[in-house]
Amino acid sequence: MFKSIGIDAGGTLTKMAYFNERDQLVLESFPSNDLLRVKEWLKQHPNVEEIGLTGGRTEQLREQLETMKSIEYILEFEATLKGVQYLLVQEGHEIDDAIITNIGTGTSIHYMGNGQHVRVGGTGVGGGTLVGLAALLTGHRDFKEITKLASNGVRENIDLLVRDIYQGMDTPIAGDLTASNFGKVGITAATEHPQEDILATVQGLVGEVITTLSIQFAEQKETEHIVYIGSTLADNADLQKVIANYTLLKKHKPIFLQDKGYAGAVGALLNINK
Ligand SMILES: Nc1ncnc2c1ncn2[C@@H]1O[C@H](COP(=O)(O)OP(=O)(O)OP(=O)(O)O)[C@@H](O)[C@H]1O
Ligand SMILES: [Mg+2]
């Protein structure tokens, strides 16, 4: 039986990673507002002797676990990077440098390359913004439900595009770029918008803000690749599409890892056996 697990206790989700008896990577997640479930899980897995731990909810989880296990703490940023580097290799990406954009509850952006890695910035616009705005605007607060509804929505009646402004003229930049997220609502006669459309537009806003910022850092650091991670991308093809299209338009290469939200947990696990 496996002895080690990695845990990334994040603002919304607590992610867990371990290699099972057949050396396969197993990933699980728990809501961070119910850390008792992690404790329960550990009680059911007495084989676990050591925990690699990272994330902003580390102290809370430590209190919950008391002194049950030996704990090896690693800074979130270090864990994420370790995990991303491991997963990139596993998934066949050969890159030396990249911007890493972690779309968690909030978004943090890092640069790795030239043998160094630094946090370059971030934004409060992230997965928490998607769920929060969705809840305020439509009453839906379940992530799966929100993304499912959003996938059936269209943004064209809510977002203002560049070509909507430059009517009948040549546009100075691509006409189908968003000129103003939600900008059409305020300048057109009041109409009811379906929830699906509102949610698709919220998702567009979140994706475009994050991509815009990531691209600026990629240009500053002169790197081609942007690796997008974080559970906000999990089972969320539409957000990935928003991000991929915009990144490609700006001549950068978007990379999405299969195990989107688990880089931190994987890094915390790998850190134990360093
Ligand atoms: N089952 C789920 N429950 C809640 N949110 C989910 C779920 N699956 C995906 N999400 C989305 O993922 C986001 C959280 O992503 P992630 O787990 O990467 O962040 P975190 O590590 O908890 O937060 P942070 O890194 O900012 O502390 C949520 O805000 C939500 O948009
Ligand atoms: Mg996180």
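Residues numbered from 1 in each chain as written. Chains lettered and ligands numbered in written order. Predicted model: local features only at pLDDT ≥ 70, side-chain atom pairs only at ≥ 80, totals over all residues. Heavy atoms only, no water.

Glancing now at the packing of aromatic side chains. In total, this model carries 4 aromatic pairs according to the counting rule given. For the pair Phe19 and Tyr86, a centre-to-centre distance of 6.4 Å together with 75° between the ring planes defines the contact as edge-to-face. Here Phe19, found in strand β2 (residues 13-19), pairs with Tyr86, found in helix α3 (residues 76-90); they are 67 residues apart in sequence, far enough to count as distant. Pairwise contacts between aromatic rings join Phe2, Tyr18 and Trp41 into one cluster. (Phe/Tyr/Trp six-rings, centres within 6.5 Å; stacked < 30°, edge-to-face > 60°. Helix = DSSP H or I, 4+ residues; strand = E, 2+ residues; numbered from the N terminus.)

A few words on the pairing of strand β4 (residues 50-54). Burial analysis of β4 places 4 of its 5 residues in the buried class, which makes it a mostly covered element. When strand β1 (residues 4-9) meets β4, the two strands line up parallel, connected through 5 bridges. Note on β4: the bridge partner recorded for Ile5 is Ile51. (Buried < 20%, exposed > 50% of the residue type's maximum accessible area, 1.4 Å probe, protein only. Pairing = 2+ DSSP bridges.)

Here we take up the sheet that holds strand β12 (residues 253-256). Strand pairing in a sheet relies on backbone hydrogen bonds, with the paired strands running either antiparallel or parallel. If you walk across this open sheet you meet the 5 strands as β8-β7-β6-β11-β12, and the pairing is mixed. Edge strands, defined here as strands with exactly one partner in the open sheet, are β8 (116-123) and β12. On average, adjacent strands in this sheet sit at an angle of 25° to one another, irrespective of strand direction. Looking at chain direction, strand β11 (residues 225-229) and β12 are connected through 4 bridges and run parallel. Note on β12: the bridge partner recorded for Ile226 is Pro254. (Axes fitted to C-alpha atoms, helices over the stretch in contact; angles between N-to-C directions.)

The 5 strands are arranged β3-β2-β1-β4-β5 in an open sheet whose pairing can be described as mixed. The open sheet is flanked by β3 (25-31) and β5 (70-73), the only strands paired with a single partner. Across this sheet, the average inter-strand angle for adjacent strands is 25°, counted without regard to direction. Where helix α2 (residues 58-65) meets the sheet, it contacts β1, β4 and β5, and its direction lies at approximately 150° from that of β4. Along the sheet, helix α9 (residues 263-272) makes contact with β1, β2, β3, β4 and β5, crossing β1 at roughly 140°. (Contact = heavy atoms within 4.5 Å.)

The subject of this paragraph is unusual backbone geometry. Even without glycine at this site, Glu222 takes up a positive phi of about 50°. Phi is positive for Asp235, which is not a glycine, with a value near 50°. In this fold, Asp235 is placed in the loop between β11 and α8 (237-249).

Looking now at the environment of Gly207. Mapped onto the elements of the fold, Gly207 is located in helix α7 (residues 195-220). Along the chain, Gly207 and Asp238 lie 31 residues apart, while their C-alpha atoms are 9.4 Å from each other. In contact with Gly207, not counting residues within four places along its chain, are Leu239, Val242 and Ile243.

Time to look at the domain arrangement of the protein chain. Splitting the protein chain by domain gives domain 1 (4-80 + 263-272) and domain 2 (127-256). Its C-alpha centre places domain 1 at a distance of 32 Å from the equivalent point of domain 2. (Domains from an automatic or database assignment.)

A few words now on a nonpolar patch on the surface. Taken together, the side chains of Ile165, Tyr166 and Met169 make up a nonpolar region of the molecular surface, amounting to roughly 300 Å² of accessible area. As for its placement among the helices and strands, Tyr166 is situated in the loop between α6 (162-165) and β10 (178-180). (Patch = residues over 30% accessible without salt bridge, like charges linked within 9 Å, V, L, I, M, F, W, Y side chains within 5 Å. Areas by Shrake-Rupley, 256 points an atom, 1.4 Å probe, with all protein chains shown as cover. Salt bridge = Lys/Arg side-chain N within 4 Å of Asp/Glu carboxyl O.)

Neighbouring residues of ligand 1: 17 residues in total, closest Gly11, Thr12, Lys15, Thr105 and Ser231. Thr105 has a polar side-chain atom sitting 2.7 Å from an oxygen atom of ligand 1. At a separation of 2.8 Å, an oxygen atom of ligand 1 approaches a polar side-chain atom of Ser231. The protein chains hide 80% of the 650 Å² of surface that ligand 1 would expose on its own. Elements with a contribution of two residues or more to the shell around ligand 1: β2 and α4 (127-138). Of the residues forming the shell around ligand 1, the biggest block, 3 residues, is contributed by α4. Grouping the amino acids of the shell around ligand 1 by side-chain chemistry returns 4 nonpolar, 11 polar and 2 charged. When residues of the shell around ligand 1 are assigned to domains, at least three map to each of domain 1 (4-80 + 263-272) and domain 2 (127-256). (Near = heavy atom within 4 Å. Polar contact = N/O pair within 3.5 Å; in protein donor to acceptor, adjacent residues only side chain to side chain. Nonpolar A, V, L, I, M, F, W, Y, C, P; charged D, E, K, R; others polar.)

This next bit is on the packing of α3 against α9. Remark: α3 packs on α9, axes separated minimally by 6 Å, with the N-to-C direction vectors making an angle of 95°. If you check the angle between α3 and α9, you find them roughly perpendicular. Every residue of α9 that contacts α3 at Ala79, Thr80, Lys82, Gly83, Val84, Tyr86 and Leu87 is listed here: Ala263, Gly264, Val266, Gly267, Ala268, Leu270 and Asn271. A class-by-class count of the residues in the contact of α3 with α9 yields 8 nonpolar, 5 polar and 1 charged. (Parallel < 35°, antiparallel > 145°, perpendicular 65-115°, else oblique.)

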